[in-house]
Amino acid sequence: MGGLKDKLEAWVQERIDLVPIREFAAKKKVPQFVGSFWYYFGGVSLFLFIIQVVTGILLLMYYQPGAQTAFESVRFIVVKVKFGWLIRSIHSWSANLMIFSVFVHMFSVYFTKAFRKPRELTWYSGFILLLLSMGFGFSGYLLPWNTLAFFATKVGTSIAAVLPVLGEPMLELLRAGKDVSTATLTRFYGLHVAILPAVFTVILGAHLMLVQMMGMHEPEGWKSLPAEKRRYMPFFPNFVLRDLLLWLIVLNVLAILAVAFPWEIGFKADPFISAPAGIKPEWYFLFMYQALKYFPAKMGMMEGEAVGVMLFGVGGLLWFLVPLWDTRTPSGARNRTITWVGLFVILFIIALSAVGLR
Amino acid sequence: MEPGVDQNISRRSFLNNLLGIGVVGWLGSVLFPIFEYLKVPPQSEAEPTSVVAAKFKDLKPNHSVVFKFGSAPAILLNGPDGKMRAFSGVCTHLQCTVQYRPDMQKIWCACHNGMYDLNGRNIAGPPPKPLQEYKVVVKGDDVIVSKA
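The rules we used
- Residues numbered from 1 in each chain as written.
- Chains lettered and ligands numbered in written order.
- Predicted model: local features only at pLDDT ≥ 70, side-chain atom pairs only at ≥ 80, totals over all residues.
- Heavy atoms only, no water.
- Contact = heavy atoms within 4.5 Å.
- Buried area = accessible area lost by both parts, 1.4 Å probe.
- Salt bridge = Lys/Arg side-chain N within 4 Å of Asp/Glu carboxyl O.
- Polar contact = N/O pair within 3.5 Å; in protein donor to acceptor, adjacent residues only side chain to side chain.
- Pairing = 2+ DSSP bridges.
- Helix = DSSP H or I, 4+ residues; strand = E, 2+ residues; numbered from the N terminus.
- Axes fitted to C-alpha atoms, helices over the stretch in contact; angles between N-to-C directions.
- Patch = residues over 30% accessible without salt bridge, like charges linked within 9 Å, V, L, I, M, F, W, Y side chains within 5 Å.
- Areas by Shrake-Rupley, 256 points an atom, 1.4 Å probe, with all protein chains shown as cover.
- Parallel < 35°, antiparallel > 145°, perpendicular 65-115°, else oblique.
- Left-handed = near helix turned anticlockwise from the far one by under 90°.
- Nonpolar A, V, L, I, M, F, W, Y, C, P; charged D, E, K, R; others polar.
- Disulfide = S-S within 2.5 Å.
- Buried < 20%, exposed > 50% of the residue type's maximum accessible area, 1.4 Å probe, protein only.

Asker: Help me out: how do you make sense of the interface of chain A and chain B in this one?
Answerer: Many authors give the size of an interface as the accessible area that is lost as the parts come together. The interface of chain A with chain B comprises 21 residues on the first partner and 20 residues on the second. Carbon and sulfur atoms make up 61% of the surface buried where chain A meets chain B, a total of about 1,800 Å² over both sides. Interface area lost by chain A to chain B is led by V155, F272 and S274 of chain A, which between them contribute 30%. Between chain A and chain B we count zero salt bridges in total. Between the two partners, chain A and chain B, sit nine residue pairs in polar contact (both at pLDDT 80 or more).

If you want it as structure tokens, here you go:
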């Protein structure tokens, strides 16, 4: 068998020079320290994204958009199709875990200041991937066309409309009309299965390429450590095998969640019934939903909600641009302000989510 | 300065500008139809001015019904006082559909805990405006709601 493998390698080598790739793989290494654990979350996010692509394609085989068919086809998948309930449940659970993992990944990069020079572009592309992931979540939520999804989309898109000038056109662009209707469903479907995947894949490719080009980030103060204290782990095969083991664990957790707590289908959306009591957005939108509740109806000339939405916009933009306002980015020195800001953001998100969950 | 060289540079920049204008024009001619395509054409739907919302005998005092009025939901409620009132069912906050809470004797929106009194006035929570009120006429057993 070894002969065949050698022959195959020789065949490829004659056509593509594999030596630089091998050298690159042999040189790639990962710093080993207390925080090494956090390095795994990028890989976990990637793994969950792959699961989303596979299960998403499987769901596509049966799903039919449209007010008369969407809910029925999801019910068909769950009730009639063999393992349909499992595929659908995994898709929903994996979506949530992916958002969670992406958040953990982002905060770990933030606190280790891995966004600093030369990795600013990696940070920017990662932030865009986070926004796209939330877009996936928001658009995918509507597709089963159930009551919760219908009203969540109504509220979510209405929030866009509170913005001055651009709000109304944006609302109509999102909804494909003045109201959430079957046209909205078609549009979200196109967004969820075509536009977002295409854009996401391109940016993910760039993100991963940047990670490879720059190598793993080394923590602050690493350079000043004596050489014998700087321990590394080879990326191939040591880190990759650990990665794979963790992926296996994640897959098992996912399977347990999907089987033990199958995702519900709810009730079919009806535009002419009242919004049900206890209606809430998905957990990763909860902190914004809760925060907006605290804004008064009017703040000066503006609607309180518009002020809130704009504050979140500004906050998000500042977060995105952190490599620019972290004044110690170029020198790589410690910056405690960054850490405090990050801790505040985490506490803010956790506290408001907890209040919103009640 | 040699006039010939100068002329060459200006010819190049002239052509570059021309090319730039061409690119912008081309982009515009591609993007404009896409943008226009994404705007949904207005559909001329005959909006009814009145509708039979419920049967009188089906709607007990302190109860309500949400019904379809044209393309939007509306709510008809028989108040605790036995008086029929009808409003737009669309919450003035973020457009969820409201419901009547017999326990509170208020119109309530579940999405953000908005509250309206029996006259549709916004009294608590985030709704910025009262609900639009409709006219209610009882004809025989039919409760007819119309836009006033």
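Asker: Please explain the sheet that holds strand β4 (residues 84-88) of chain B as it appears in this structure.
Answerer: Within a sheet, adjacent strands bond to each other through the backbone by hydrogen bonds, running parallel or antiparallel. Residue and element names in this part refer to chain B. Spatially, β1-β10-β9-β4-β3-β2 is the arrangement adopted by the six strands of the open sheet, whose pairing is antiparallel. Sheet topology places β1 (50-55) and β2 (63-69) at the edges, where each strand pairs with a single neighbour. Each strand of the sheet is rotated relative to its neighbour by a mean of 30°, with strand direction disregarded. Pairing of β1 with strand β10 (residues 142-146) involves five bridges; the strand directions are antiparallel. Note that in β10 the partner of V51 across the bridge is V145.

Asker: Can you walk me through a nonpolar patch on the surface in this structure?
Answerer: Residue and element names in this part refer to chain A. Where nonpolar side chains cluster on the molecular surface, the patch consists of I50, V53, V54, I57, L58, L60, M61, Y62, F76 and V193 and spans about 840 Å² of accessible area. Among the elements that line the nonpolar patch, the one with the most residues is helix α3 (residues 40-60), at six residues. Checked against the element boundaries, V53 lands in helix α3.

Asker: Looking at this model, I keep getting lost on the packing of helix α11 (residues 283-293) of chain A against helix α12 (residues 304-320) of chain A. Mind explaining?
Answerer: When two helices pack together, you describe them by how their axes are tilted relative to each other and by the distance separating the axes. Residues and elements named next belong to chain A. Two numbers describe how α11 lies on α12: the axes approach to 9 Å, and their chain directions differ by 140°. Here α11 lies oblique to α12, going by the angle between them. Helix-helix and strand crossings are classified by hand; for α11 and α12 the assignment is right-handed. Judged by residue contacts, F287, M288, A291 and L292 of α11 engage E305, G308, V309 and F312 from α12. The class makeup of the residues in the contact of α11 with α12 is six nonpolar, one polar and one charged.

Asker: Help me out: how do you make sense of the state of the cysteines in this one?
Answerer: Every disulfide links exactly two cysteines, by a covalent bond between their sulfur atoms. All names here are of chain B. Scanning the entire structure with this criterion turns up one disulfide over all chains. The disulfide bridge from C96 ends at C111, spanning 2.1 Å between sulfur atoms. On the sign convention where negative means left-handed, the S-S torsion of about -80° between C96 and C111 marks this disulfide as left-handed. Taken together, the residues span a long stretch of sequence, with C96 in the loop between β4 and β5 (99-101) and C111 in the loop between β6 (106-109) and β7 (114-116) at a distance of 15 residues. Judged by relative accessible area, C111 falls into the buried class, the value being 4%.

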